[in-house]
Amino acid sequence: MSDLSKVLIVEDEKEIRKGLCGHPLWRELNIGPLYEADDGYTALEIVRQLPGIRLIITDIRMKNMSGLELIQKLYEELAYDGKVIIISGYDDFQYARKAMSYGVVDFLLKPVNMAELGQVVMKALFLLEKEDRQQHSLSIIEDAMPKLRENMLQEMVEQPARGSAAPSIHHLLDQYEVGWIGSDKLMLLLLEADNLKSYVHQGYSATEQNRIMFAMGNVLEHSLLEQAEQAGRYVRFRTMSEDRWVVLFSVPHGSSAAFSNWMGAFKSTLASRIKKFVKVTATIVVTPEGSMEMLPDLYKDALDRLTQTKIYGDAESANELELEALNVFRDVDLLLETKALADLLKHGEEHDVREAMSLFPVMVRERGVSLLRDVHHLVFEWLLEVFDDARRLGWKNEEWRKKPLLVWEKIEAFDTVEALHLLVLDYLLKVNAELQGSPRNQILQKAEQYIQEHYSEPITVQMVADYVYLSPEWLSTLFKKNVGMTFLDYVTHLRMEKAKELLQDVSLKIYQISSEVGYRDTVYFSKLFKKKFGYTPNEYRNLKGIDGND
């Protein structure tokens, strides 16, 4: 009973208090430490400071604050979760009845019979242990309920229903407070992060990927709560096998059309918020209505919709692609005919490559693939064929031949055609630039111009890459190859040269020049300047005989 053995004795008569505290009873019961207070105010303060006290023995009639007042404040103001034993010099059962209404264990008369007190203390400790065990059991059940409910719902959507188990399923649904699933018309929403595997190549750990899913779940729940009136009854859960979020909705009676319209708007809002707050894109699909018995079929339908949406986009986009394919058949043929595409990479400009690649989704659609793994194989084999044709035209890069698995891993990491489109475009632009053989190609000139115009601002490779429609990795490669330095070194070089020029102006102070070339931290600016030229800005001015009054 060590967790329950702290005892507080409250008695204003010192001799009685000391006698109670010093009695061998406490050693015999293995109880301690004991604390003492000479009035109710002191007792309250001790309980505030030592919340581990679970048993209080108090006199009734004391100066300043009576025992009854103390008990009232303990339970009503401090939410005390322990037990109280009352001792009194008066055979006053009116006090006893009132005290018992607060849950006091017993009422003993003075002089206290220590053997009787020992029995009452044991009773109090027994009650405390029993209540703690019950509370612990309830906490375990309460903590486990969401996970148990999630497991049950996951099993219901992923496994065919067993007719004989229907009554027990309804009973479990009631227990988990989602009994409406068994009686209402249902609609299933499925949410999956796009290209989650690709984050491995970006250096994300499994924990960080899990945080992405957790954050998506938070955005989902917040959005549902915000539109609680329209959402009605729902339950959300996460499927761990494929890491998706599922929401089961109860479709309001007689309002199917209105609910479907709301669901369409909700999907758009949810996708926008996930992109804004979690910084990832997600695919969201919704099934037609169905009953509890149809849940496995609804889930399978949602998975099929998910795959088709990732490959072809939503139904509206698919229709647009269908029309586009009819109108631009010859352009699509250019992508399918890899030798013609290789010629374009050798002789065409960047905008020609971008224009041809704009029909990449049409090409995938015309191949008639319906599974993501087939899309991955299609793109991998097609890209290697393009590379091989480009090699025959003089492309010198051999990395793809030596390490084709690296190409495959990059392709396989993306699960949307949109993401694959950008990956392949990045590859082909690189081939185009290297086949052109120009050390100052148009993309690089445009990037350099942007840097020269914005070098005094906080500038990153991502900002410049977005401006010239390239990936940061490809832009960095261009700089390294054609300029002979990294992107960061180039920006620093430009800033330092401009600083050197500004240092000639005696009206400008060092901190002003630092700010002018993009550095708020003057000390950091000076360190970079010295690293570049071998002397600090002040030393440079001194060497030139310039007095800047810094």
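Residues numbered from 1 in each chain as written. Predicted model: local features only at pLDDT ≥ 70, side-chain atom pairs only at ≥ 80, totals over all residues. Heavy atoms only, no water.

Q: I'd like a rundown of the overall build of the protein, residues and numbers included.
A: Scanning the protein from terminus to terminus reveals 28 helices and nine strands. Buried residues in the protein amount to 44% of all 550 residues. Sequence separation of at least 24 residues holds for 69% of the intrachain contacts in the protein that already meet a minimum separation of 6. With an accessible surface of roughly 29,400 Å², the protein has 51% of that area assigned to carbon and sulfur atoms. (Helix = DSSP H or I, 4+ residues; strand = E, 2+ residues; numbered from the N terminus. Buried < 20%, exposed > 50% of the residue type's maximum accessible area, 1.4 Å probe, protein only. Contact = heavy atoms within 4.5 Å. Areas by Shrake-Rupley, 256 points an atom, 1.4 Å probe, with all protein chains shown as cover.)

Q: Describe helix α18 (residues 372-392), listing the residues and the values that go with them.
A: The terminal C-alpha atoms of α18, which comprises 21 residues, lie 31 Å apart, in line with the 30 Å expected from a rise of 1.5 Å per residue. Regarding α18, the residues found buried are V375, H376, L378, V379, F380, W382, L383, L384, V386, F387, D389 and A390. (Expected span 1.5 Å × (residues − 1).)

Q: Give a detailed account of the packing of aromatic side chains, specifying residues and quantitative values.
A: Here the structure, examined in full by the defined rule, presents 19 aromatic pairs. Seen in terms of ring centroids, F387 and W395 are 5.1 Å apart; in terms of plane orientation they differ by 45°. Their pairing is tilted. Across the pair, W395 and F387 agree in class, each one buried. Ring plane angle 55° and centroid distance 6.1 Å describe the contact between F525 and F529, whose orientation is recorded as tilted. Of this pair, F525 and F529 both sit in helix α27 (residues 522-533), four residues apart, which is roughly one turn of the helix. Classification of F529 by relative accessible area gives buried; the value is 0%. Through a chain of ring-to-ring contacts, the aromatic side chains of Y519, Y524, F525, F529, F533, Y535 and Y540 assemble into a single cluster. When the ring centre of Y467 is taken as origin, the NZ or CZ atom of K446, which lies over that ring, is 5.3 Å away. (Phe/Tyr/Trp six-rings, centres within 6.5 Å; stacked < 30°, edge-to-face > 60°. Lys NZ or Arg CZ within 6 Å of the ring centre and 35° of its normal.)

Q: Describe the pattern of salt bridges, and please don't skip the residues or the numbers.
A: Enumeration over the complete set of coordinates arrives at 24 salt bridges. Residues joined by salt bridges that share partners form a network here, namely E192, D194, R244, K310 and D415. (Salt bridge = Lys/Arg side-chain N within 4 Å of Asp/Glu carboxyl O.)

Q: Outline the sheet that holds strand β8 (residues 244-250), supporting the account with residue identities and numerical values.
A: On the basis of which strands lie adjacent, the open sheet formed by four strands has the order β7-β8-β6-β9 and antiparallel pairing. One side of each edge strand has no neighbouring strand; the edge strands of this open sheet are β7 (234-239) and β9 (282-286). If you compare each strand with its neighbour and ignore which way they point, the axes differ by 15° on average. In this structure, β7 lies alongside β8, joined through six bridges in antiparallel fashion. Residue pairing in the sheet places T239 in a bridge with R244 of β8. Taken strand by strand, helix α11 (residues 256-277) contacts β6 (186-193), β8 and β9, and its axis lies near 15° from that of β6. Along the sheet, helix α12 (residues 295-312) contacts β6, β7, β8 and β9; its crossing angle with β6, the most-contacted strand, is approximately 40°. (Pairing = 2+ DSSP bridges. Axes fitted to C-alpha atoms, helices over the stretch in contact; angles between N-to-C directions.)

Q: So what's going on with the packing of helix α22 (residues 442-454) against helix α25 (residues 487-502)? Which residues, and what values?
A: α25 packs onto α22 with a crossing angle of 45° between their chain directions and a minimal axis gap of 10 Å. It follows from the interaxial angle that α22 and α25 lie oblique. The interaxial crossing formed by α22 with α25 has right-handed handedness. Residue-level inspection shows E448, I451 and Q452 of α22 in contact with α25, the latter providing F487, Y490, V491 and L494. (Parallel < 35°, antiparallel > 145°, perpendicular 65-115°, else oblique. Left-handed = near helix turned anticlockwise from the far one by under 90°.)

Q: Got a sec to walk through the side chain of N397? Specific residues and values, please.
A: Within the element layout of this structure, N397 appears in the loop between α18 and α19 (399-402). A polar atom in the side chain of N397 sits 2.9 Å from the backbone nitrogen of E399. Those residues within four positions of N397 in sequence are excluded, and the remaining contacts are K430 and E434. (Polar contact = N/O pair within 3.5 Å; in protein donor to acceptor, adjacent residues only side chain to side chain.)

None of this, on its own, says anything about what the molecule does.
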